[in-house]
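Notes for the structure review
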Amino acid sequence: MKVPLLDLKPQYKQIQDEIEPLLLEICRSQAFILGPKVQECEAAVAAYCGTDYAVGVTSGSDGLILALMAEGIGAGDEVITTPYTFFATVGAIARLGAKPVFVDIDPLTFNLDATQLEAAVTPQTKAIIPVHLYGQMVDMDAVMAVAQAHHLIVIEDAAQAIGSEWKGRRAGSIGDYGCFSFFPSKNLGCFGDGGMVTLRDAAKAKKAVILRNHGSEPKYYHQFVGGNFRLDALQAAVVTIKLQHLDGWTAARQANAERYRRLFAEKGGAAADQVVLPVAQTNRHIYNQFVIRAQRRDELLAHLRQREIGVEIYYPVPLHLQDCFHSLGYQQGDFPESERAAKETIALPIYPDLTDEMAEWVVASIAEFYAG
Ligand SMILES: *Cc1c(COP(=O)(O)O)cnc(C)c1O
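Since the model is a prediction, treat every value here as computed from it, not as a measurement.

Cut-offs used in this document
- Residues numbered from 1 in each chain as written.
- Predicted model: local features only at pLDDT ≥ 70, side-chain atom pairs only at ≥ 80, totals over all residues.
- Heavy atoms only, no water.
- Salt bridge = Lys/Arg side-chain N within 4 Å of Asp/Glu carboxyl O.
- Buried < 20%, exposed > 50% of the residue type's maximum accessible area, 1.4 Å probe, protein only.
- Pairing = 2+ DSSP bridges.
- Helix = DSSP H or I, 4+ residues; strand = E, 2+ residues; numbered from the N terminus.
- Axes fitted to C-alpha atoms, helices over the stretch in contact; angles between N-to-C directions.
- Phe/Tyr/Trp six-rings, centres within 6.5 Å; stacked < 30°, edge-to-face > 60°.
- Near = heavy atom within 4 Å.
- Areas by Shrake-Rupley, 256 points an atom, 1.4 Å probe, with all protein chains shown as cover.
- Nonpolar A, V, L, I, M, F, W, Y, C, P; charged D, E, K, R; others polar.
- Core = buried A, V, L, I, M, F, W, Y, C linked by side-chain atoms within 4.5 Å.
- Contact = heavy atoms within 4.5 Å.
- Expected span 1.5 Å × (residues − 1).
- Arc of directions from axis to C-beta.
- Right-handed = clockwise from strand over helix to strand, strands pointing away.

Focus: the pattern of salt bridges
- Summed over the entire model, instances satisfying the criterion amount to 18 salt bridges.
- One salt bridge in this structure joins Lys9 and Asp7, with 3.7 Å as the shortest N-O distance.
- Relative accessible area serves as the criterion here: at 63%, Lys9 is assigned to the exposed category.
- Where salt bridges share partners, they join Arg293, Glu337, Arg340 and Glu344 into one cluster.

Take a look at the structure:
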């Protein structure tokens, strides 16, 4: 049995009749950039995330850049984040000429270990980017305490965490900025690239709107240098419709996670001692990924791939060890938990339409590997 890591086709079938007439309507209107469809999407996402403002952007990556630009962060500034994240988090900091400063992760959640933040703050520190990895939020009480003590901006990288909650508050509603991605493989994906920046402050939101459009306000008059970070109407319309289904899809992901826990407990056999299942510490984990730690990870990976079970490593090389960041001067051994996670983690299929048979086959295949 083939088990894909992600299959979006069953999901599309469910919403096809809602989406296709709307896309056709936009095509016939020939109104593609920003406009009412984007405003509608922004209002819906702001409400969903429990924030006052949301600004539609071209991607999650550009959202991070926009937030950093809005705060004037650049050369000479330091931004603290995790080395165990998707490249875009750290790429955004580097592209603006600022210096990424890393703190290691908590081995249980794979999120930035907020107890290490204080020690990383210097007079040059301007911001913290906590990344809510795999769909589970960082300890935001600890992050906000350090930020308030040192007057730092907090930009939540919530690309994997839409609808996730920390003590009842949603991702993107606690820091100054929340950056979301609508890349198709995220829990709320559009039909291309897209993203959203959520904000709590009216003045910051106004500046973000201007910067999104080359800093133009009024048209052709520029107080700031911005960029083209505009969301388009087709993507916004898809997101607005899919958002109405998101809670159902999230519930299916959570049920899939519980099913894996049950299957590993009942049928995992020898795998019980060789595999560590994800720990859900926050009150709403949305399982963008279901990531286990596995002994003999690379052999297990090959075994599962040989059976055409879709698995992936998020992420095989922590960012402090990437060639492009060599000049930051970090070395192997600097962030041992991130390095260990990069060697031990495997993401299993968790998408909403994963069937019982598929999940059973995944667990049986892992149990067989460790039995053999
Ligand atoms: C996907 C992702 C991004 C980037 O989003 P794009 O829309 O692909 O640019 C940023 N950070 C994290 C943690 C992500 O998973």
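Remarks on the sheet that holds strand 8 (residues 177-181)
- Strands sit in the order 1-9-8-5-4-2-3 across an open sheet of seven strands; the sheet is mixed. Of all strands in the sheet, those with a lone pairing partner are strand 1 (53-57) and strand 3 (99-102), marking the two edges. Taking the axes of each pair of neighbouring strands and ignoring which way they run, one obtains an average angle of 25° across the sheet.
- As paired elements, strand 1 and strand 9 (residues 195-199) share five bridges and run antiparallel to each other. Paired with Ala54 across the bridge in strand 9 is Thr198.

A few points about the packing of aromatic side chains
- In the structure shown here, the tally under the stated rule is 14 aromatic pairs.
- For the pair Phe86 and Tyr315, a centre-to-centre distance of 6.2 Å together with 40° between the ring planes defines the contact as tilted. Pair noted here: Phe86 is in the loop between strand 2 (78-81) and helix 4 (87-95) and Tyr315 is in the loop between helix 11 (297-306) and helix 12 (336-344), with a separation of 229 residues, a long-range link.
- Accessibility expressed as a relative area gives 43% for Phe86, which makes it partly exposed.
- On the basis of relative accessible area, Tyr315 is assigned to the buried category, the value being 14%.
- Pairing Tyr287 with Phe290 gives two aromatic rings, centres 6.0 Å apart and planes at 35°, and the pair type is tilted.
- Since its relative accessible area comes to 0%, Phe290 is described here as buried.
- Within the aromatic cluster, the residues linked to one another by ring pairs are Tyr84, Phe86, Phe110, Tyr134, Tyr314 and Tyr315.

Structural notes on the site of the ligand
- Close to the ligand lie 15 residues; Ser61, Asp157, Gln160, Ser181 and Lys186 are nearest.
- Protein contacts shield 93% of the accessible area of the ligand, which totals 380 Å² for the unbound molecule.
- Put simply, the parts of the chain that give the shell around the ligand at least two residues each are helix 3 (60-70) and helix 4.
- Here the residues of the shell around the ligand sort into five nonpolar, eight polar and two charged.

What about the nonpolar core?
- Val45, Leu117, Met140 and Val143 are the most contacted members of the largest nonpolar core, which has 52 residues in total.
- Of all the secondary-structure elements, those providing two or more residues to this core are helix 1 (9-29), helix 2 (36-49), helix 5 (117-120), helix 6 (140-150), helix 8 (233-243) and helix 9 (246-267).
- Considering every element that reaches this core, the biggest residue donor is helix 8, with seven residues.
- In this structure Met140 touches Pro130, His132, Val154, Glu156, Trp166, Ile174 and Gly175, once residues within four positions along its chain are discounted.
- Of all hydrophobic cores here, the second largest spans 29 residues; its members include Ala257, Ile313, Ile346 and Leu348.

A few points about the sheet that holds strand 11 (residues 290-294)
- With antiparallel pairing, three strands are arranged side by side in an open sheet as 10-11-12. The open sheet has two free edges, formed respectively by strand 10 (275-276) and strand 12 (345-348), since each of these has just one partner strand.
- Where strand 11 lies against strand 12, four bridges are found, and the strand directions are antiparallel. Following the sheet pairing, Phe290 is matched in strand 12 by Leu348.
- Contacts from helix 11 reach strand 11 and strand 12, with the element oriented near 25° to strand 12.

Structural notes on the pairing of strand 8
- Burial of strand 8 is extensive: five of the five residues sit out of reach of the surface.
- Residues of strand 8 alternate between two faces, with Tyr177, Cys179 and Ser181 on one and Gly178 and Phe180 on the opposite face, all of them buried.
- Bridge count between strand 8 and strand 9: five bridges; the pairing is antiparallel. Bridge pairing in strand 9 places Phe180 opposite Met196.

Details of helix 2
- End to end, helix 2 covers 20 Å across 14 residues, agreeing with the expected 20 Å (1.5 Å per residue, within 8%).
- Where helix 2 is concerned, the buried positions are Val38, Cys41, Glu42, Val45, Ala46, Tyr48 and Cys49. Each buried residue of helix 2 sits inside an arc of 160° when the element is viewed along its axis, so together they form one side. Away from its buried face, by an angle of more than 90 degrees, helix 2 presents the exposed residues Pro36, Gln39 and Ala47.
- At the C-terminal side of helix 2, Gly50 shows a positive phi close to 70°.

Focus: the pairing of strand 2
- Burial of the side chains of strand 2 extends over both faces: Glu78 and Ile80 are buried on one face and Val79 and Thr81 on the other.
- Remark: the strand 2/helix 4/strand 3 crossover connection has right-handed handedness.
- Summarising the sheet, strand 2 and strand 4 (residues 125-129) pair through four bridges and their orientation is parallel. Of the residues in strand 4, the one forming a bridge with Ile80 is Ile128.

Details of the environment of Leu300
- Mapped onto the elements of the fold, Leu300 is located in helix 11.
- Distance in space between the C-alpha atoms of Leu300 and Ala271 is 11 Å, their sequence separation being 29 residues.
- Those residues in contact with Leu300 that lie beyond four places of it in its chain are Ala294, Ile346, Ile366, Phe369 and Tyr370.

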